[in-house]
Amino acid sequence: MRFLTRLSAAALAISPTAALAQAADPQGSGPIVAALGWLQGTLLGNVATAIAVMAVAAVGFMMLTGRMNWRFGATVIIGLFILFGASTIVAGIQSAAG
């Protein structure tokens, strides 16, 4: 009987529950949130978009002329899709989870 009680207590301890403490930013996290916002703006801004366009053009040209492995070229292009689509991917995961 004790085993079942301990087992049910362990199951309750590891079961997923709503994390209510994560609803707002923790105290003192303002500079960290601002730094991450700056990083996101830099990664998704105009300069990053221009660099990504040039990278895709260079990879496409090298793949066209046979100077680059197709797998590596596809990896670069998929990586850029993930980078620029990260917010949409996260929103989709959050809506599916909640």
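Above this text is the structure in question.
Residues numbered from 1 in each chain as written. Predicted model: local features only at pLDDT ≥ 70, side-chain atom pairs only at ≥ 80, totals over all residues. Heavy atoms only, no water.

1. Structural notes on the overall build of the chain
Argument step 1. If you tally the helices and strands in the chain, you get five helices and zero strands.
Argument step 2. Along the chain, from the amino end to the carboxyl end, the secondary structure elements read α-α-α-α-α.
Argument step 3. The buried share of the chain, reckoned over its 98 residues, is 9%. (Helix = DSSP H or I, 4+ residues; strand = E, 2+ residues; numbered from the N terminus. Buried < 20%, exposed > 50% of the residue type's maximum accessible area, 1.4 Å probe, protein only.)

2. Focus: the packing of helix α3 (residues 46–64) against helix α4 (residues 70–84)
Argument step 1. Closest axis-to-axis distance for the α3/α4 pair is 10 Å, and the angle between their directions is 160°. Taken together, the axes of α3 and α4 lie roughly antiparallel to each other. Our pair here, α3 against α4, has a crossing hand that is left-handed. Contacts from Ala48, Thr49, Ala52, Val56, Val59 and Met63 in α3 reach Trp70, Gly73, Ala74, Val76, Leu80 and Phe84 in α4.
Argument step 2. Looking at the contact of α3 with α4 residue by residue, the class counts come to ten nonpolar, two polar and no charged. (Axes fitted to C-alpha atoms, helices over the stretch in contact; angles between N-to-C directions. Parallel < 35°, antiparallel > 145°, perpendicular 65-115°, else oblique. Left-handed = near helix turned anticlockwise from the far one by under 90°. Contact = heavy atoms within 4.5 Å. Nonpolar A, V, L, I, M, F, W, Y, C, P; charged D, E, K, R; others polar.)

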